[in-house]
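Survey of secondary and tertiary structure
Letter by letter, the chains look like this.
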Amino acid sequence: MKKLLILFLLYGTFAYAQGPLKQTLSFSITGQVKNGSVITMDSLNSYPVKTIGDIKVTDHLGTFKHEDDQLKGVLLKDILSHTVLAASSPKLYSRFYFACTGNDGYVVVYSWNELFNTEVGNHVFILMEKNGIKAAKMPESIQMTSTTDFKTGRRYLHNLDKIVVGEVQ
Ligand SMILES: Nc1nc2c(c(=O)[nH]1)N[C@H]1C(S)=C(S)[C@@H](COP(=O)(O)O)O[C@H]1N2
Ligand SMILES: [Mo]
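The present account deals with the structure reproduced in this document. Given the structure is predicted, the values throughout are model-derived calculations rather than measurements.

Another point: the site of ligand 1. Residues in contact with ligand 1, as listed here, are Val 57, Thr 58, Asp 59, His 60, Lys 65, His 66, Asp 104, Tyr 106, Gly 153, Tyr 156, Leu 157 and His 158. Here an oxygen atom of ligand 1 sits 2.8 Å away from a polar atom, N or O, in the side chain of His 66. Here His 158 contributes a backbone N or O atom positioned 3.0 Å from a nitrogen atom of ligand 1. Protein chains bury 79% of the 530 Å² of accessible surface belonging to ligand 1 in isolation. Of all elements in the fold, only strand 3 (50-58) and strand 4 (64-75) reach the threshold of two or more residues within the shell around ligand 1. The residue inventory of the shell around ligand 1, partitioned by class, reads four nonpolar, five polar and three charged.

Have a look at this one:
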């Protein structure tokens, strides 16, 4: 019985790790903010869509995986500019970070300074389209990318589910 239970648990783990990800068609912004919000496909479509071009996706060690073409997206900082941080002074923004999480638990972090106070922030997008396919039609659904990263795979987040705003104590 014990062995059966272990087999059952193991199977569950593998099925979870390898199964296709569920689409996300909206994501929440919560945490250390004045007002939380939910960003839907409709809200994403209300932002200016920028042409990004092609991107070579490497794995987390830098080995070339594949190329995605005709990327279009909205800037993450445009979306986050409507989120008011729960901070008593703008000086404290330097402690803030955005933990962007996929629905499988994969997390990618951006600091407030990185997005709003460096060139990187001009290249972090929520994808609206890639390879001629709209985000809502892809298994990866809401996808985020930081196109000037050295190893592009690491922050090529699939199935964005939530952005939790945090403050380092
Ligand atoms: N939700 C989610 N996104 C993820 C990952 C993951 O495990 N879950 N892995 C990352 C890593 S390590 C890599 S290399 C790329 C691979 O992108 P690809 O699946 O388009 O080749 O996805 C990134 N995005
Ligand atoms: Mo990877």
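Okay, the sheet that holds strand 10 (residues 160-167) next. The five strands are arranged 2-1-10-5-6 in an open sheet whose pairing can be described as mixed. Each of the sheet's edge strands pairs with one partner strand only, and the pair in question is strand 2 (37-40) and strand 6 (107-111). Direction aside, the axes of adjacent strands within the sheet are offset by 20° on average. Two elements, strand 5 (residues 96-102) and strand 6, share five bridges in a ladder whose sense is antiparallel. When the sheet's bridge partners are listed, Cys 100 is paired in strand 6 with Val 108.

Moving on to the nonpolar core. Core analysis: the largest hydrophobic core is formed by 31 residues, its most contacted members being Leu 44 and Ile 126. Counting residues per element, the ones that place at least two in this core are strand 1 (26-31), helix 2 (41-45), helix 3 (76-80), strand 5, strand 6, helix 4 (112-117), strand 7 (124-130) and strand 10. When neighbours within four sequence positions are excluded, Ile 126 is seen to be in contact with Phe 27, Leu 44, Lys 72, Gly 73, Val 74, Leu 76, Ile 79, Ile 142, Gln 143, Met 144 and Leu 160. Ile 55, Val 57, Leu 127 and Tyr 156 belong to the second-largest nonpolar core, a separate cluster that totals five residues.

Next up on the list: the packing of aromatic side chains. For the structure on display, the rule yields three aromatic pairs. Ring geometry for Tyr 93 versus Trp 112: centroids 5.2 Å apart, planes at 55°, classification tilted. On the criterion of sequence distance, the pair formed by Tyr 93 in the loop between helix 3 and strand 5 and Trp 112 in helix 4 is long-range, its members being 19 residues apart. Assessed through its relative accessible area of 24%, Tyr 93 is described here as partly exposed.

What counts, and at which threshold
Residues numbered from 1 in each chain as written. Chains lettered and ligands numbered in written order. Predicted model: local features only at pLDDT ≥ 70, side-chain atom pairs only at ≥ 80, totals over all residues. Heavy atoms only, no water. Near = heavy atom within 4 Å. Polar contact = N/O pair within 3.5 Å; in protein donor to acceptor, adjacent residues only side chain to side chain. Areas by Shrake-Rupley, 256 points an atom, 1.4 Å probe, with all protein chains shown as cover. Helix = DSSP H or I, 4+ residues; strand = E, 2+ residues; numbered from the N terminus. Nonpolar A, V, L, I, M, F, W, Y, C, P; charged D, E, K, R; others polar. Pairing = 2+ DSSP bridges. Axes fitted to C-alpha atoms, helices over the stretch in contact; angles between N-to-C directions. Core = buried A, V, L, I, M, F, W, Y, C linked by side-chain atoms within 4.5 Å. Buried < 20%, exposed > 50% of the residue type's maximum accessible area, 1.4 Å probe, protein only. Contact = heavy atoms within 4.5 Å. Phe/Tyr/Trp six-rings, centres within 6.5 Å; stacked < 30°, edge-to-face > 60°.

Nothing here speaks to function; it is geometry throughout.
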